[in-house]
Amino acid sequence: MDRIGHRAIGAGASVLLSLALLLGGVPPEASAASNCLATGAVDRDGTALTARLVNPAGVVRGRVDATGCDVGIYFGQGTWKVDGAEILGARYYGVLVDGNGHSVSVDVSRSAIHDIGEPTLTSARHGQGIAYRGFAGNASGSASGNRIWRYQEAGINLTGPGTHATVTGNHIVGRGTQDVISQNGVQVIHGAHGSVRANHIADLQFLGPNVGNGILVVGGPGYGFPYTRDVVISDNDIANADIGINVFEIEEDVSPAPEPTRILIAHNRIRNDALTNLLGWDDDTGFQAGISDYANGDLIVGNVVTGRGYDQTVCGDAAICRRIFTDGSIDPTVSGNVPR
């Protein structure tokens, strides 16, 4: 997504953050390209989405090559399952669980999802491995035990107040240090409900004027959507992300949420080995943090945050580096964390 907001902290300092918005009956191999089907859905940029498979019967297994299509597998209503599939080549979404105007529930498990986005990486804000979106309807289910890599925007996205999903035990790897697009591992945004537990997330380092996030939670009138509340983020391993876990819940004036958001950030292990982000704070200074929280009444307990990349003595004047950063947040509980 475009850089759409900033927060003022202290005397005139600001940090610019990216938000990635928006996200046995099938034969063992589905060939690609010319066989794209209309979904009837439109993405936020106005694209009328096509998909390789639309509401396929039975459990989706095997290889789904969606090269030439916008979506690998599109689900618009009903209850479905993807298990042990390989999904590749789609430009916008590997799996889209679309609760916009419908009720749909999908479990995605033990699948390999890769090469989602443009064939050559661009800054366009699309390319999500698995996306649940529920604005005028309901999207639910679970994403568990999947491997997601070589995506463009986000590994897994939960968005909208009608979304209720769990993200557990996935292995998500970003593009590493690059200057094309700020990537996120898992997003829970715009009023979505969910938990993010026991995932392995790595390599989300952005060289441009923004930050890559292991787990991103945002919402509020500042984005034109509801606040995201009561999300549980626990027992994740996050390595080499500019910001390991980033919570940013704002009013229109970029002040933090006036009512408690109650995000629980507990028992995560977060590490960053080096300073790589040099522009994410104010286009002139970098920003790296193990946990960054700008909200109301969130709980940050029992986390282990390590590495030279979150050590201010290493970063010096080149970047704002913190193990846990809560400047401007309202009444956070920070307890039992191990910054070593």
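Draft legend 1. Expanded view of the overall build of the chain. When helices and strands are tallied, the chain shows one helix and 32 strands. In the chain, buried positions account for 57% of the 340 residues. Counting only carbon and sulfur atoms, one obtains 52% of the accessible surface of the chain, whose full area is about 11,800 Å².

Draft legend 2. Main features of the pattern of salt bridges. Applying the stated rule across the entire model yields 14 salt bridges. Two residues, Asp-115 and Arg-150, come together in a salt bridge whose shortest N-O distance is 2.8 Å. Here Arg-150 lies in strand S14 (residues 147-151) and Asp-115 lies in strand S11 (residues 112-116), a separation of 35 residues in the sequence. Here Asp-115 falls in the partly exposed class, since its relative accessible area comes to 28%. Look at Arg-150 and you get partly exposed, because its relative accessible area is 39%. We note a salt bridge from Glu-153 to Arg-125, for which the minimum N-O separation is 3.6 Å.

Draft legend 3. Representation of the nonpolar core within the structure. Grouped together as the largest cluster of nonpolar side chains are 51 residues, with contacts concentrated most on Ile-130, Ile-156, Val-186 and Ile-245. Residues contacting Ile-245, with those up to four places away along its chain left out, are Ile-215, Ile-233, Ile-238, Ile-265, Asn-268, Ile-270, Gly-290, Ile-291 and Ser-292. Membership of the second largest hydrophobic core comes to nine residues, among which are Ala-41, Leu-49, Val-71 and Tyr-92.

Draft legend 4. Quick peek at the sheet that holds strand S7 (residues 71-75). In spatial order, the strands read S4-S5-S7-S9-S12-S15-S18-S21-S24-S27-S30; together these 11 strands make up an open sheet with mixed pairing. Edge positions in the sheet fall to strand S4 (37-42) and strand S30 (319-325), since each has one partner strand and no second. Averaged over all pairs of adjacent strands, the angle between strand axes in this sheet comes to 25 degrees, irrespective of strand direction. Of the strand pairs in this sheet, strand S24 (residues 243-249) and strand S27 (residues 286-294) are connected by five bridges, and their pairing is parallel. Directly across from Asn-246, in S27, lies its bridge partner Ser-292.

Draft legend 5. The arrangement of the state of the cysteines in detail. Scanning all chains against the criterion turns up two disulfides. Each sulfur of the disulfide joining Cys-36 and Cys-69 lies 2.0 Å from the other. Its S-S torsion of approximately -95 degrees makes the covalent link between Cys-36 and Cys-69 left-handed. Pair noted here: Cys-36 is in the loop between strand S3 (29-30) and S4 and Cys-69 is in the loop between strand S6 (60-65) and S7, with a separation of 33 residues, a long-range link.

Draft legend 6. Focus on the environment of Trp-80. Inspection of the secondary structure assignment puts Trp-80 in strand S8 (residues 78-88). Separated by 22 residues in the primary sequence, Trp-80 and Gly-58 have C-alpha atoms spaced 7.3 Å apart. Residue contacts for Trp-80: discarding those within four places in its chain leaves Asn-55, Pro-56, Ala-57, Phe-75, Val-104, Ser-105, Val-106 and Asp-107. A distance of 2.5 Å separates a polar atom in the side chain of Trp-80 from the backbone oxygen of Gln-77.

Draft legend 7. Geometry of the pairing of strand S16 (residues 163-168). Burial along S16 is one-sided: Thr-163, Ala-165 and Val-167 are buried, and none of His-164, Thr-166 and Thr-168, which face the opposite way, are. In terms of strand pairing, strand S13 (residues 138-144) meets S16 through six bridges, oriented parallel. The partner of Ala-143 across the bridge, within S16, is Val-167. With five bridges connecting them, S16 and strand S19 (residues 193-197) associate as parallel partners. Its bridge partner being in S19, Thr-168 is matched across the sheet by Arg-197.

Draft legend 8. A look at unusual backbone geometry. Look at Arg-110: it is not a glycine, yet its phi comes out positive at around 50 degrees. Summarising the element assignment, Arg-110 is placed in the loop between strand S10 (103-109) and S11. Relative accessible area serves as the criterion here: at 59%, Arg-110 is assigned to the exposed category. Phi is positive for Asp-203, close to 65 degrees, though the residue is something other than glycine. Position of Asp-203 among the secondary structure elements: in strand S20 (residues 200-206). Using a relative accessible area of 26% as the deciding quantity, one classes Asp-203 as partly exposed.

Draft legend 9. Representation of the packing of aromatic side chains. Following the criterion strictly, the structure yields eight aromatic pairs and no others. Judged by centre distance (6.5 Å) and plane angle (40 degrees), the ring pair of Tyr-92 and Tyr-93 falls under tilted. Neither Tyr-92 nor Tyr-93 differs from the other in exposure class; each is buried. Ring geometry for Trp-281 against Phe-287: centres 5.1 Å apart, planes inclined by 70 degrees, an arrangement best described as edge-to-face. You can call Trp-281 buried: its relative accessible area is 7%. Looking at Phe-287, the relative accessible area reads 0%, which means it is buried. Of the aromatic side chains, those joined through ring pairs into one cluster are Tyr-223, Phe-248 and Tyr-294.

The rules behind these values
- Residues numbered from 1 in each chain as written.
- Predicted model: local features only at pLDDT ≥ 70, side-chain atom pairs only at ≥ 80, totals over all residues.
- Heavy atoms only, no water.
- Helix = DSSP H or I, 4+ residues; strand = E, 2+ residues; numbered from the N terminus.
- Buried < 20%, exposed > 50% of the residue type's maximum accessible area, 1.4 Å probe, protein only.
- Areas by Shrake-Rupley, 256 points an atom, 1.4 Å probe, with all protein chains shown as cover.
- Salt bridge = Lys/Arg side-chain N within 4 Å of Asp/Glu carboxyl O.
- Core = buried A, V, L, I, M, F, W, Y, C linked by side-chain atoms within 4.5 Å.
- Contact = heavy atoms within 4.5 Å.
- Pairing = 2+ DSSP bridges.
- Axes fitted to C-alpha atoms, helices over the stretch in contact; angles between N-to-C directions.
- Disulfide = S-S within 2.5 Å.
- Polar contact = N/O pair within 3.5 Å; in protein donor to acceptor, adjacent residues only side chain to side chain.
- Phe/Tyr/Trp six-rings, centres within 6.5 Å; stacked < 30°, edge-to-face > 60°.

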